[in-house]
Amino acid sequence: SLSDRLTATFKNLRGKGRLTEADVDATVREIRRALLDADVAVPVVREFTGRVRERALGAEVSAALNPSQQIVKIVNEELVEILGGETRRIRLAKNGPTIIMLAGLQGAGKTTLAGKLSKWLKAQGHSPLLVACDLQRPNAVTQLQVVGQRANVPVFAPHPGATSQELEHPAGDPIAVARAGVEEARQKLHDVVIVDTAGRLGVDADMMEQARQIRRAIVPNEVLFVIDSMIGQDAVNTALAFDEGVNFTGIVLSKLDGDARGGAALSVSSVTGKPVMFASTGEGLDDFELFHPDRMASRILDMGDILTLIEQAEKAWDKDEAARMAKKFADQEDFTLEDFLAQMQQIRNMGSMKKMLMMMPGAQNIRQQLEQFDEREIDRVEAIVRSMTPHERLAPKIINGSRRARIARGSGVHVSEVNGLLERFAQAQKMMKKMAQGGMPGMPGMPGL
Ligand code: GDP
Ligand code: MG
């Protein structure tokens, strides 16, 4: 899947200090393959990867993020951008009813959406009217009536007094029905009209002409193009045809509850430049939500955790941890190896060494050391501390020769490295004490250096 591929790609980059042009190219190649596999349209993929590459190569050196995180961030931002940036809400009419027209292929989910949308709007205090303009498909009108009943929203049907037999194969002019439906809404003071239209299994000229004429007749505030998100590579041509035919204002992705990876979403919004506004996620009336570009991007990337970490790193040091350490100093408690390890883990989670260290007291003195700081050093330190018993971590003084040998064996390092660590820790502890006595506020030091 797209998510798996990207995750694997980014995993390869993790731990790299600096990315070469070759690294960037290799990553971009993986992203390209992954997007193509997810059925994102070829031209969209080309444009997208081009932008990512350009930004990755031109990226300023970030203090907060390592290079692989920076690429994740760029990919995420570009995805959000293509998907429309911010969530786009329905534009309500200033006077009279807000007219919303639905368009899309047969089976896309228009009629279902009409019910969902009307229920959702009703819950927000609107009084919608549904208008049945699909006179093509047998039972289309009754289907909308059923949906309307469930949503408890009235339906304007072409033949108010029609028998069920007549409704099964309604005849008439959908454009006239659309016009009459909007008029009805005006008369009965509905503030929203949702006009359901006919679709075909494939794009065809007659159907498009009909939709175009309905649009011209009712001048909708929004034309929502409903598209089945499982449709794959066909999504682009279908969307372009509808955009040209009815010039829609927003996109609704239906059947997102299926196995869809978001390829269609990316393609359709990218080639038309129109925002995705809603997502339909099931057959039930409540399986419906506002579309959030940022959430979709994380779904495509499936990297919610990493994105959160990136945010954290950018926000820098965890304030709670800093406060906890400050209190420890104030209470003249000892700085233990447990604290030391906690700090190490925090730093690793934040993925950023430099910014963190630069913010800490005393960082000026160790700037050169910082420049050559090796993140693998943290791995070794962590392994060593993890090989100690809890008691040893709390009272390192008890760590004698045989304990040192055991710890070295357990962590796969040489005894001299254990010695080195304990020495540095003892110095750090002293420094922390001095800082505490000097009333240093807030920031814990970085005793590993
Ligand atoms: P229309 O021809 O565009 O009006 O499409 P319909 O609203 O009649 O939907 C076609 C089929 O897709 C119906 O069986 C719906 O129940 C189903 N459907 C619509 N939206 C969704 C969705 O979001 N998820 C799932 N799983 N099924 C949906
Ligand atoms: Mg329908």
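Report on the accompanying structure. Because the structure is a prediction, the values reported are computed rather than measured.

**Regarding the nonpolar core**
Logical step 1: If you look at the biggest cluster of nonpolar residues, it comprises 86 residues, and the most contacted ones within it are I100, L117, I194, F242, V246 and F278.
Logical step 2: Of all the elements, helix α4 (residues 67–82) adds the most residues to this core, at six residues.
Logical step 3: The contacts of I100, once residues within four sequence positions are left out, are I90, L117, L121, V192, V193, I194, V195, E222 and L224.
Logical step 4: Among the nonpolar cores identified, the runner-up in size contains 16 residues, and F335, L337, V418 and L421 belong to it.

**What to know about the site of ligand 1**
Logical step 1: Not every one of the 17 residues close to ligand 1 is listed here, only the nearest: G107, K110, T112, D257 and E283.
Logical step 2: Here G107 contributes a backbone N or O atom positioned 2.7 Å from an oxygen atom of ligand 1.
Logical step 3: Here an oxygen atom of ligand 1 sits 2.8 Å away from a polar atom, N or O, in the side chain of T111.
Logical step 4: Here ligand 1 occupies the second largest pocket.
Logical step 5: It is helix α5 (residues 110–123) that provides the largest number of residues to the shell around ligand 1, a total of four residues.

**Quick notes on helix α9 (residues 205–218)**
Logical step 1: For α9, with 14 residues, the first-to-last C-alpha span of 20 Å sits near the 20 Å given by 1.5 Å per residue.
Logical step 2: Of the residues making up α9, those classed as buried are M207, M208, Q210, A211, I214 and I218. Taken down its axis, α9 places every buried residue within 160 degrees of arc, on the same side. For α9, the exposed residues set more than 90 degrees away from the buried face come down to A205, D206 and R216.
Logical step 3: Packing partners of the buried residues in α9 comprise β1 (98–103), α8 (174–187), β4 (192–196) and α10 (234–246).
Logical step 4: The N-capping residue of α9, defined by a side-chain oxygen 3.3 Å from the backbone nitrogen of D206, is D204.
Logical step 5: Directly beyond the C-terminal end of α9, a positive phi value near 45 degrees is found at V219.

**Here we look at the layout of surface pockets**
Logical step 1: When its volume is computed, the second largest pocket comes out at roughly 420 Å³.
Logical step 2: Lining the second largest pocket we find 24 residues, and of these G109, K110, T112, Q143 and K255 sit closest to its centre.
Logical step 3: Counting residues per element, the lining of the second largest pocket draws most heavily on α5, which supplies five residues.
Logical step 4: Classifying every residue of the lining of the second largest pocket by side-chain character gives four nonpolar, twelve polar and eight charged.

**Things to note about α8**
Logical step 1: The terminal C-alpha atoms of α8, which comprises 14 residues, lie 20 Å apart, in line with the 20 Å expected from a rise of 1.5 Å per residue.
Logical step 2: Within α8, the full set of buried residues consists of P174, I175, V177, A178, G181, V182 and A185. Seen from one end, α8 has its buried residues packed into an arc of 165 degrees, which puts them on one side.
Logical step 3: Tucked into the core, α8 has its buried residues touching β1, β2 (128–132), β3 (155–156), β4 and α9.
Logical step 4: The N-cap of α8, judged by a side-chain oxygen 3.0 Å from the amide nitrogen of I175 a few residues on, is D173.
Logical step 5: Phi turns positive, to about 60 degrees, at L189, one or two residues after α8.

About the criteria used
Residues numbered from 1 in each chain as written. Chains lettered and ligands numbered in written order. Predicted model: local features only at pLDDT ≥ 70, side-chain atom pairs only at ≥ 80, totals over all residues. Heavy atoms only, no water. Core = buried A, V, L, I, M, F, W, Y, C linked by side-chain atoms within 4.5 Å. Buried < 20%, exposed > 50% of the residue type's maximum accessible area, 1.4 Å probe, protein only. Helix = DSSP H or I, 4+ residues; strand = E, 2+ residues; numbered from the N terminus. Contact = heavy atoms within 4.5 Å. Near = heavy atom within 4 Å. Polar contact = N/O pair within 3.5 Å; in protein donor to acceptor, adjacent residues only side chain to side chain. 1 Å grid on protein atoms, 1.4 Å probe; cavity = no way out; pocket = protein on both sides within 12 Å on 5 of 7 lines; lining within 4 Å. Sits in = over half its atoms within 2 Å of the grid points. Expected span 1.5 Å × (residues − 1). Arc of directions from axis to C-beta. Points joined across faces, edges and corners; volume = space filled by probe spheres on them. Nonpolar A, V, L, I, M, F, W, Y, C, P; charged D, E, K, R; others polar.

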